[in-house]
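Here's the letter readout for the chains.
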Amino acid sequence: DGGITQSPKYLFRKEGQNVTLSCEQNLNHDAMYWYRQDPGQGLRLIYYSQIVNDFQKGDIAEGYSVSREKKESFPLTVTSAQKNPTAFYLCASSIEIWRRGMNTEAFFGQGTRLTVV
Amino acid sequence: AQKVTQAQTEISVVEKEDVTLDCVYETRDTTYYLFWYKQPPSGELVFLIRRNSFDEQNEISGRYSWNFQKSTSSFNFTITASQVVDSAVYFCALSNFGNEKLTFGTGTRLTIIP
């Protein structure tokens, strides 16, 4: 089945450590995104990538890094510089606008819940 | 700047009642897209509907219906004859044409009481 796979589902990190969240999609989508969800704040965009080897900062990129070496994969690293990393992280993908001539819906993974201990 | 407001933080209704979730948006663009997503307890966001700014027709899909009114910048979502399986957090979102970045509202937690 086509979809987006995020792993792990739960992740615990000690303060001062970097940690990488995995996101893989087999939908052949061009664009991929990382969102952070905190209680009562909705989803906020961290980074997005419209094409391999290119990505842009979203609204809350500080303390995070990404790479897009393959179309299928868009891992997110939460660095020790992120002051409050405990949150629910959602990865998404969508077809690029130029392929359809319109904005398309994003498909989401099941999320990774990161807790700093 | 764009913004999406979902003023209802939590709603509880008894099963089989109708319920409307409100969404008000702000954008300076003339071409934009509005979305509704459902987030069940499993955490994954499930796409429900996409509507572009030039299409103000209301849409009905089974027990779900959507009312888009540009005059009031609203895109409200109604569930008719609610069921326990409708319990979830519902998000309204906005993107401007040519930019896939979604701006989300803060969500409405809907609880259907059996």
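The sections below set out a description of the structure shown in this document.

Examining the pairing of strand β6 (residues 54-57) of chain A
All names here are of chain A.
In step 1: Pairing geometry for strand β5 (residues 43-51) and β6, over 3 bridges, is antiparallel. Of the residues in β6, the one forming a bridge with Y48 is Q56.
In step 2: In this antiparallel pair of consecutive strands, β5 and β6, the connection spans 2 residues, and N53 shows a positive phi of 65°.

Looking at the interface of chain B and chain A
In step 1: Residue-level contacts link 22 residues of chain B with 25 residues of chain A.
In step 2: Here chain B packs against chain A, burying approximately 2000 Å² in sum over the two surfaces, 55% of which is carbon and sulfur.
In step 3: The interface formed by chain B and chain A includes 1 salt bridge.
In step 4: One salt bridge in this structure joins R50 of chain B and E105 of chain A, with 2.6 Å as the shortest N-O distance.
In step 5: Inspection of the region where chain B meets chain A yields 5 residue pairs in polar contact (both at pLDDT 80 or more).
In step 6: Elements that contribute at least two residues to the side of chain B that touches chain A include exactly β5 (32-39), β6 (46-52) and β10 (88-96) of chain B.
In step 7: Sort the elements by how many residues they give to the side of chain B that touches chain A and β5 of chain B lands first, with 4 residues.
In step 8: Of the residues that constitute the side of chain B that touches chain A, the class distribution is 9 nonpolar, 9 polar and 4 charged.

Topic: the side chain of R51 of chain B
Residue and element names in this part refer to chain B.
In step 1: Topologically, R51 is positioned in strand β6.
In step 2: Relative accessible area serves as the criterion here: at 4%, R51 is assigned to the buried category.
In step 3: Only 3.5 Å separates the side chain of R51 from the backbone oxygen of D55, close enough to count as a polar contact.
In step 4: Residue contacts for R51: discarding those within four places in its chain leaves Y32, Y33, L34, E56, Q57, N58, E59, F68 and F75.

Considerations on unusual backbone geometry
In step 1: Following S7 of chain A, the chain continues into P8 of chain A via a peptide bond in cis, with omega recorded as -10°.
In step 2: For P8 of chain A, the location among the structural elements is in the loop between β1 (4-7) and β2 (10-13).
In step 3: With a phi close to 65°, N53 of chain A is a non-glycine residue in the positive phi region.
In step 4: As for its placement among the helices and strands, N53 of chain A is situated in the loop between β5 and β6.
In step 5: N53 of chain A sits in the exposed class, given a relative accessible area of 61%.
In step 6: Positive phi outside glycine occurs at A81 of chain B, with the angle close to 50°.
In step 7: With respect to the helices and strands, the residue A81 of chain B is situated in the loop between β9 (74-79) and β10.

Reading the values: rules and limits
Numbers given for residues are sequential positions, taken from 1 along each chain in its written order. A letter from A marks each chain and a number from 1 marks each ligand, given out in the order of writing. The model is predicted, so local features are restricted to residues of pLDDT at least 70 and side-chain atom pairs to those at 80 or more, both for listing and for counting; the totals for chains, interfaces and linings are taken over all residues. Side-chain calculation: all heavy atoms of the structure are included, whereas hydrogens and water are not. Whether two strands pair depends on DSSP finding at least two bridges between them. Helix and strand assignments follow DSSP, with helices taken as H or I runs no shorter than four residues and strands as E runs no shorter than two, numbered in order from the N terminus. Any pair of residues with heavy atoms lying within 4.5 Å of one another is described as a contacting pair. What counts as buried area is the accessible surface, traced by a 1.4 Å probe, that two parts surrender upon association, with contributions from both included. Salt bridge, as used here: a side-chain nitrogen of Lys or Arg that lies within 4 Å of a carboxyl oxygen of Asp or Glu. We define a polar contact as two N or O atoms separated by no more than 3.5 Å, with the added condition that, inside protein, one atom must be a possible hydrogen donor and the other a possible acceptor, whereas residues neighbouring each other in sequence contribute only through side-chain atom pairs. Ten residue types, Ala, Val, Leu, Ile, Met, Phe, Trp, Tyr, Cys and Pro, are classed as nonpolar, four, Asp, Glu, Lys and Arg, as charged, and the remainder, Gly among them, as polar. Only protein chains enter the area calculation, which uses a 1.4 Å probe; residues under 20% of their type maximum are buried, those over 50% are exposed, and those in between are partly exposed.

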